[in-house]
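Working through the structure, step by step
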Amino acid sequence: MGVRSIFRKRPATAGTVAAAGAETREPLTAEQLRELEDAWAELAAAQEASELTNFHACTRTGRPWTEDPAAVRAVAATLREFPAAEAQPPN
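Described below are features of the structure shown in this document. (Residues numbered from 1 in each chain as written. Predicted model: local features only at pLDDT ≥ 70, side-chain atom pairs only at ≥ 80, totals over all residues. Heavy atoms only, no water.)

**Looking at the nonpolar core**
Applied cut-off: We call a set of buried Ala, Val, Leu, Ile, Met, Phe, Trp, Tyr and Cys residues a nonpolar core when their side-chain atoms join them within 4.5 Å. Each residue's exposure class comes from its accessible area (1.4 Å probe, protein chains only) as a fraction of the maximum for that residue type: buried when under 20%, exposed when over 50%, partly exposed otherwise. Where helices and strands are cited, they refer to DSSP runs of H or I of at least four residues and of E of at least two residues respectively, numbered from the N terminus. Any two residues whose heavy atoms approach within 4.5 Å are treated as being in contact.
With 9 residues, the main nonpolar core is built from Leu36, Ala39, Leu43, Ala46, Trp65, Val72, Val75, Ala76 and Leu79. Those elements that provide at least two residues to this core are helix H3 (30-49) and helix H4 (69-80). Excluding its chain neighbours within four sequence positions, the residues that come into contact with valine 72 are Leu36, Ala39, Trp40, Leu43, Trp65 and Thr66.

**Focus on the packing of H3 against H4**
A pair of packed helices is captured by two measures, namely the crossing angle of their axes and the spacing between those axes. Inclusion rule: Here an axis means a line fitted to C-alpha atoms, over the contact stretch when the element is a helix, while the angle between two N-to-C directions is reported on a 0 to 180 degree scale. Relative orientations are named as follows: roughly parallel for angles under 35 degrees, roughly antiparallel for angles over 145 degrees, roughly perpendicular for angles from 65 to 115 degrees, and oblique for any other angle. Helix crossings fall into two classes, left-handed where the near helix is turned counterclockwise from the far one by less than a right angle and right-handed where it is turned clockwise. Throughout this entry, Asp, Glu, Lys and Arg are counted as charged residues, while Ala, Val, Leu, Ile, Met, Phe, Trp, Tyr, Cys and Pro are counted as nonpolar. The remaining residues, Gly among them, count as polar.
Across the interface, H3 lies against H4 with an axial gap of 8 Å and an inter-helix angle of 15 degrees. Of the possible angle classes, the one that applies to H3 and H4 is roughly parallel. Here H3 and H4 pass one another in a crossing that is left-handed. Across the interface between the two elements, Glu35, Leu36, Asp38, Ala39, Trp40, Glu42, Leu43, Ala46 and Gln47 from H3 touch Pro69, Val72, Arg73, Val75, Ala76, Leu79 and Arg80 from H4. Per-class residue counts for the contact of H3 with H4 are 10 nonpolar, 1 polar and 5 charged.

**Some thoughts on H3**
Our working definition: The span one expects for a helix is its residue count, reduced by one, times 1.5 Å. Arc definition: directions from the helix axis to the C-beta atoms.
In a regular helix each residue adds 1.5 Å, so 20 residues correspond to 28 Å; H3 covers 29 Å between its end C-alpha atoms and thus fits that length. Within H3, the full set of buried residues consists of Leu36, Ala39, Leu43 and Ala46. Angular distribution of buried residues about the axis of H3 spans 80 degrees; they occupy a single face of the element. Turned more than 90 degrees away from the buried face of H3 sit Ala30, Glu31 and Glu48, all of them exposed. Looking at the buried residues of H3, the elements they touch are H4.

Given below as structure tokens:
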């Protein structure tokens, strides 16, 4: 077995694919949904103030970051670190 064979992607078996898709999440409560909507409003405001138009985010827990208010607020905080287009001096 060479080094290349260690890093080569192997096709997923049916068992691993089924196990990955078997996770079911409980629906959000009204309070959790309201908190998530508030977090998304913060993200939208941060995006408008920023000149960024696209970003990529992922999670380590397997749960989508888009369903976690803390993660959405963290992305909003990161966007706020980027200055607005009118605040930057021209090059």
